[in-house]
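So you can see what is in the structure, the chains are spelled out below.
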Amino acid sequence: MTQNLQSHVTKEKFKIQQMIRCKDKETIQHQEPEDIVGMILKINQGSLEPQYEGDVMTETSRNGISCDLCLWPTNSAGNVIVPYTLSPNYTANDIAVIFKAMTEFETLTCVRFVPHSDQENYLNITSDGGCWSAIGMVGGGQVLSLIPHKCMSKGIIQHELNHALGFYHEHLRSDRDKYVTIVTNNIAPENLKHFEKIETNNLGTQYDFKSVMHYPRDAYSKTPGQATIVPKSKLHTSVGQRFGLSRLDVEKIKRLYNCDTCSFLHADLEGSIQSMNYPSHYSNNVNCVWLIRTPYNKVILTFKHFDVQYSENCEADYIKVYDGASKDSPVLLDKTCVMQLPYELTASTNMMLLEFVTDGSNTASGFMANYSSVQCGGAFYQHSGTFKSPGFPKAYLPQLKCLWKIIAPEGYLIKLEISSFELEYYKYCRHDYVAIFDGEDTTSRHLAKYCGTPKIPVEISSGNKLLVMMRTDYSGELSGFQASYEFCKYYKMVKATFILCML
């Protein structure tokens with residue numbers, strides 16, 4: 001790729017990233033109605049293209065996992081280069097979703113999707129009658145079909161890209177009979193071909209019920225809802241999912257392509273992450289990332305232990321946190337290497353990336369943090385700012401729990417003003433309400449609780465932390481509220497006291 005082309009692609013990717021972030025914020029409450037493969041099978045019904053397993057091109061399919069010639073090439077830097085072209089018929093929103101799907105591969109593995117220039121082999125991503133792909137690199141400009149609207153889901157796109165990288169559906173693994181029972185009596189004879197096992201190299205990984213490549217429990221059932229794939233272990237009650245790459249999907253890609261990538265995916269509603277060898281000294285000379293991707297809502301990260309070797313400007317070891325799935329995302333926490341717990345961090349979407357870089361000398365134990373999710377809210381550290389209820393001035397959503405945490409430097413107070421307040425009224429504010437706490441959590445001193453349409457007085461914290469919580473019930477949604485805050489100093493003189501707020 002020439003320098004001019006690289007510059008052009010960088011600018012275009014920046015524009016697309018802004019669209020991605022806007023799209024994420026608009027759809028943060030949305031949950032897809034069914035698993036990825038189930039959606040693909042429905043979309044592809046009636047397609048004129050010859051497809052095996054519902055979305056694999058029959059004419060060029062092969063077992064890419066055991067075929068070296070099916071793999072995309074690796075460059076001298078150890079990155080797997082997958083050139084691609086995009087149909088000119090895709091809208092900017094379509095392209096934003098495609099780039100969003102590609103980003104997780106690039107963050108967590110050594111796969112790099114690059115715009116096609118003069119490479120002989122590449123993906124021709126276009127709209128060709130459904131969501132489907134060949135298996136692995138088959139040569140030339142191989143088609144990967146994604147029709148607008150129907151296929152434009154991150155999970156669907158990642159599913160088809162995973163086919164193109166060399167992976168069949170999970171239920172076809174050579175060892176699948178140890179883990180699932182295929183209920184052939186519930187499958188029409190003409191569809192049994194979609195359940196034939198393949199002699200695969202399973203790369204030393206466990207069978208993955210959560211794989212982006214797994215069929216749904218009732219795939220190709222003669223009777224809707226009747227099971228065709230039944231886990232043999234009661235521990236695995238769910239089959240398939242709708243959110244994207246799983247932890248083992250990532251591990252398989254790394255093993256298939258010998259990726260020297262230190263990366264970890266955490267895709268549960270809540271959990272914990274920690275540095276290598278924690279609580280012992282962490283490893284030297286590493287650059288690792290932890291991608292937190294909750295199924296929905298916003299990610300909240302709370303550090304419970306933080307011990308990173310100090311250096312001037314954190315040039316040696318440091319932690320950095322991004323508000324998104326890549327290092328191109330906005331920074332939530334810049335390079336940090338002090339022996340002090342960072343403040344709680346809240347992402348603007350359901351994804352947050354933590355980067356940990358170390359040099360060759362270490363005497364520290366690293367970090368441990370818990371993550372969870374919240375529907376709405378945020379954390380504020382700037383000297384002033386504004387925030388508002390979701391959707392304001394339009395009606396907020398039912399069943400919300402929003403937390404806005406405001407943290408000032410030591411020695412400062414927080415002045416909070418709430419305006420345009422309209423929430424459902426009920427005695428003692430038992431239904432919808434906004435509560436204010438004089439501290440960083442709901443165990444702190446309770447300052448006030450509001451509902452209805454009151455005139456709300458200015459609140460001033462007694463310390464450097466303030467929490468605003470909004471709760472709503474099942475009905476009665478109104479316009480909500482908007483608020484502003486600023487950091488202030490409290491001065492006590494001989495004859496008077498006053499508060500001076502920062503400019």
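Remember, predicted model here, so these are calculated numbers, not experimental data.

Visitor: Which residues make up the overall build of the chain, and what values do they have?
Guide: Looking only at helices and strands, the chain has 5 helices and 27 strands in total. Counting every position in the chain, which comprises 503 residues, the buried fraction comes to 52%. Residue pairs at least 24 apart in sequence account for 76% of intrachain contacts in the chain once pairs closer than 6 positions are excluded. If you sum the accessible surface of the chain, you get close to 23600 Å²; carbon and sulfur atoms cover 50% of it.

Visitor: Describe a nonpolar patch on the surface, with residues and values.
Guide: Nonpolar side chains collect at one region of the surface, where Val458, Ile460, Tyr490 and Ile499 lie side by side and expose about 330 Å² of accessible area between them. Take Ile499: it is sitting in strand S27 (residues 497-501).

Visitor: Go over the state of the cysteines with me, naming the residues and quoting the values.
Guide: Applying the stated criterion across every chain, the model contains 6 disulfides. Here Cys262 connects covalently by a disulfide to Cys288, the sulfurs 1.9 Å from one another. With the S-S dihedral at roughly 90 degrees, the linkage between Cys262 and Cys288 falls on the right-handed side. With a gap of 26 residues between them, Cys262 in strand S9 (residues 262-266) and Cys288 in strand S11 (residues 287-293) connect regions that are remote in the sequence. Cys288 gets classed as buried once you look at its relative accessible area, which sits at 0%. Disulfide pairing places Cys376 opposite Cys402 at an S-S distance of 1.6 Å.

Visitor: Any chance you could break down helix H3 (residues 92-108) for me, citing the residues and the numbers?
Guide: Compared with an ideal rise of 1.5 Å per residue, which puts 17 residues at 24 Å, H3 spans 25 Å between its outermost C-alpha atoms and is within 8% of the ideal. Burial of H3 is extensive: 13 of the 17 residues sit out of reach of the surface.

Visitor: An account of the pattern of salt bridges is needed here, citing residue identities and associated values.
Guide: Pairing is possible between side chains of opposite charge, provided their charged atoms come close. Going through the model one piece at a time under the given rule, you end up with 15 salt bridges. For Lys405, the salt bridge identified is with Glu344, shortest N-O distance 3.0 Å. With Lys405 in strand S20 (residues 401-407) and Glu344 in the loop between strand S14 (331-336) and strand S15 (345-346), this residue pair connects regions lying 61 residues apart in the sequence. The shortest N-O distance in the salt bridge between Arg445 and Asp438 comes to 2.9 Å. According to the relative accessible area criterion, Asp438 is buried, its value standing at 11%. Shared partners join several salt bridges into a network, and the residues in it are Glu170, Arg173, Asp175 and Lys252.

Visitor: Describe the confidence of the model for the chain, and please don't skip the residues or the numbers.
Guide: Model confidence for the chain is summarised by a mean pLDDT of 85, while 85% of its residues fall at 70 or above. Here helix H1 (residues 3-26) is the element of the chain with the lowest mean pLDDT, 44, and strand S4 (residues 111-115) is the one with the highest, 98. Predicted confidence for residues 1-33 stays below pLDDT 50, and this span has 43 contacts to residues more than four positions away or in other chains. Confidence drops under pLDDT 50 across residues 59-66; counting only partners more than four residues distant or on other chains, this segment forms 25 contacts.

Visitor: Provide a residue-level description of the sheet that holds S9, including the pertinent values.
Guide: One open sheet holds the 5 strands; their spatial order is S9-S11-S16-S13-S14, and the pairing between them is mixed. Two strands close off the open sheet at either side, each with one partner strand: S9 and S14. On average, each strand axis in the sheet is tilted by 15 degrees relative to the strand beside it, whichever way the strands run. Note: strand S13 (residues 318-322) against strand S16 (residues 351-357), 5 bridges, orientation antiparallel.

Visitor: How would you sum up the sheet that holds S4? Please name residues and give values.
Guide: Across the sheet, which stays open at both edges, the 4 strands sit in the order S4-S3-S5-S6 with parallel pairing between neighbours. Every other strand in the sheet has two partners, leaving S4 and strand S6 (141-145) as the edge strands with one partner each. The sheet shows a mean angle of 35 degrees between the axes of neighbouring strands, direction not considered. In this structure, strand S3 (residues 80-86) lies alongside strand S5 (residues 122-126), joined through 3 bridges in parallel fashion. Each bridged residue has a counterpart across the sheet, and for Leu86 the counterpart in S5 is Ile125. Against the sheet, H3 contacts S3, S4 and S5, and its axis sits at roughly 145 degrees relative to S4.

Visitor: Account for the pairing of S4, with residues named and values stated.
Guide: Most of S4 sits inside the fold, with 4 of its 5 residues counted as buried. Sheet topology note: the S3/S4 ladder contains 5 bridges and is parallel. Residue pairing across strands places Val82 opposite Phe113, the latter belonging to S4.

Visitor: I'd like a description of the side chain of Ser461, backed by residues and values.
Guide: One can find Ser461 in the loop between strand S24 (459-460) and strand S25 (465-471). One polar contact links the side chain of Ser461 to the main-chain amide nitrogen of Ile414, over a distance of 2.8 Å. Once you skip the residues sitting within four places of it in the chain, Ser461 turns out to touch Leu413, Ile414, Asp438 and Leu466.

Visitor: Can you tell me about the nonpolar core, naming the residues and giving the values?
Guide: Residues Ile98, Leu123, Ile125, Leu146, Leu165 and Tyr257 are the most contacted members of the largest nonpolar core, which totals 51 residues. Of all hydrophobic cores here, the second largest spans 28 residues; its members include Met276, Val286, Met352 and Leu354.

Visitor: Before we move on, could you go through the packing of aromatic side chains and cite the residues and values that matter?
Guide: A full pass over the atoms with the stated rule returns 23 aromatic pairs. Measuring from ring centre to ring centre gives 6.2 Å for Phe195 and Tyr220, while their planes differ by 80 degrees; the resulting arrangement is edge-to-face. On the criterion of sequence distance, the pair formed by Phe195 in the loop between strand S7 (180-182) and strand S8 (229-231) and Tyr220 in the loop between S7 and S8 is long-range, its members being 25 residues apart. Relative accessible area serves as the criterion here: at 4%, Phe195 is assigned to the buried category. Clustering of aromatic rings is evident, with ring pairs tying together Phe380, Phe387, Trp404, Phe421, Tyr450, Phe481, Tyr485 and Phe487. Above the plane of the ring of Tyr318 lies Lys335, whose end atom (NZ or CZ) is 4.6 Å from the centre. The cationic tip of Lys489 hangs over the ring face of Tyr412; the distance from NZ or CZ to the ring centre is 4.7 Å.

The rules behind the values
- Residues numbered from 1 in each chain as written.
- Predicted model: local features only at pLDDT ≥ 70, side-chain atom pairs only at ≥ 80, totals over all residues.
- Heavy atoms only, no water.
- Helix = DSSP H or I, 4+ residues; strand = E, 2+ residues; numbered from the N terminus.
- Buried < 20%, exposed > 50% of the residue type's maximum accessible area, 1.4 Å probe, protein only.
- Contact = heavy atoms within 4.5 Å.
- Areas by Shrake-Rupley, 256 points an atom, 1.4 Å probe, with all protein chains shown as cover.
- Patch = residues over 30% accessible without salt bridge, like charges linked within 9 Å, V, L, I, M, F, W, Y side chains within 5 Å.
- Salt bridge = Lys/Arg side-chain N within 4 Å of Asp/Glu carboxyl O.
- Disulfide = S-S within 2.5 Å.
- Expected span 1.5 Å × (residues − 1).
- pLDDT = per-residue confidence, 0-100.
- Pairing = 2+ DSSP bridges.
- Axes fitted to C-alpha atoms, helices over the stretch in contact; angles between N-to-C directions.
- Polar contact = N/O pair within 3.5 Å; in protein donor to acceptor, adjacent residues only side chain to side chain.
- Core = buried A, V, L, I, M, F, W, Y, C linked by side-chain atoms within 4.5 Å.
- Phe/Tyr/Trp six-rings, centres within 6.5 Å; stacked < 30°, edge-to-face > 60°.
- Lys NZ or Arg CZ within 6 Å of the ring centre and 35° of its normal.

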